[in-house]
Amino acid sequence: MRTVITFGTFDVFHIGHLNILKRARSLGDRLIVGVSTDALNYKKKGRYPIYKEEDRLAILSGLSCVNGIFREESLEWKGQYIREHKADVLVMGDDWSGKFDCYRDLCEVVYLKRTADISTTEILAGIRAAS
Ligand code: C2G
């Protein structure tokens with residue numbers, strides 16, 4: 001059983017999120033997703049997500065490519081999360097390229113190319129411009 005782990009906020013869930021999750025799942029037998037808490041997102045980005053934590057967790061857990069979810073409470077605890085979930089592979093988008101190479105002694109680390117031309121920030125900007 002090869003376990004893949006990934007992390008993210010997945011706010012205003014979009015096709016780029018689905019693409020990376022499906023590709024991550026295809027690298028193993030099960031995919032576990034650490035969903036950033038609202039508090040962690042505030043620390044990372046200086047704002048709270050549009051979709052609240054419970055809803056982001058519900059969306060992720062409803063996907064057929066996702067086998068398990070947990071709350072990511074700190075960026076510093078990745079090593080613990082990898083061990084706890086017995087992950088064989090850590091997958092992240094290439095906007096994080098190189099950032100998690102320090103976990104290569106615990107598991108394989110793979111950066112996948114982001115889906116072009118879509119992001120939560122751009123979606124929000126588009127909605128603002130249209131209203
Ligand atoms: N992503 C993607 N293509 C896009 C947008 C996002 O492949 N067009 C990927 C990101 O690279 C990331 C995942 O989708 O791997 C989740 O993206 P975010 O919710 O923006 O994740 P982020 O807030 O960067 O949180 O511990 C790491 C963090 O929790 C990652």
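Residues numbered from 1 in each chain as written. Predicted model: local features only at pLDDT ≥ 70, side-chain atom pairs only at ≥ 80, totals over all residues. Heavy atoms only, no water.

## Quick notes on the pattern of salt bridges
Right, so step 1: This structure, assessed with the given rule, holds nine salt bridges.
Right, so step 2: One salt bridge in this structure joins Glu108 and Arg2, with 3.3 Å as the shortest N-O distance. On the criterion of sequence distance, the pair formed by Glu108 in strand 5 (residues 108-112) and Arg2 in the segment before strand 1 (3-8) is long-range, its members being 106 residues apart.
Right, so step 3: For Glu108, a relative accessible area of 39% puts it in the partly exposed group.
Right, so step 4: When its relative accessible area of 31% is taken as the criterion, Arg2 is described as partly exposed.
Right, so step 5: Between Lys78 and Glu72 there is a salt bridge, and its shortest N-O distance comes to 3.0 Å.
Right, so step 6: On the accessibility criterion, Lys78 (1% relative accessible area) is buried.
Right, so step 7: With relative accessibility at 1%, the residue Glu72 sits in the buried group.
Right, so step 8: Salt bridges sharing partners connect three or more residues here, namely Glu53, Glu54 and Arg71. (Salt bridge = Lys/Arg side-chain N within 4 Å of Asp/Glu carboxyl O. Helix = DSSP H or I, 4+ residues; strand = E, 2+ residues; numbered from the N terminus. Buried < 20%, exposed > 50% of the residue type's maximum accessible area, 1.4 Å probe, protein only.)

## Structural notes on the sheet that holds strand 3 (residues 68-72)
Right, so step 1: Overall, parallel pairing links the five strands, which are arranged 3-2-1-4-5 in an open sheet. Every interior strand has two partners, whereas the edge strands, strand 3 and strand 5, have only one. Strand after strand, the sheet turns through a mean of 25 degrees between neighbouring axes, direction not considered.
Right, so step 2: Here strand 1 pairs with strand 4 (residues 89-93) via three bridges, running parallel. Its bridge partner lying in strand 4, Val4 is registered against Val89.
Right, so step 3: Along the sheet, helix 1 (residues 15-25) contacts strand 1, strand 2 (30-36), strand 4 and strand 5; its crossing angle with strand 2, the most-contacted strand, is approximately 140 degrees. (Pairing = 2+ DSSP bridges. Axes fitted to C-alpha atoms, helices over the stretch in contact; angles between N-to-C directions. Contact = heavy atoms within 4.5 Å.)

## Quick word on helix 2 (residues 38-45)
Right, so step 1: Buried within helix 2 are the following residues: Asp38, Leu40 and Asn41. Down the axis of helix 2, the sector holding all buried residues measures 155 degrees, keeping them to one side.
Right, so step 2: The secondary structure elements touched by the buried residues of helix 2 are strand 2, helix 3 (53-61) and strand 3.
Right, so step 3: One or two residues past the end of helix 2 sits Gly46, with phi positive at roughly 70 degrees. (Arc of directions from axis to C-beta.)

Shape descriptors only; they carry no functional weight alone.
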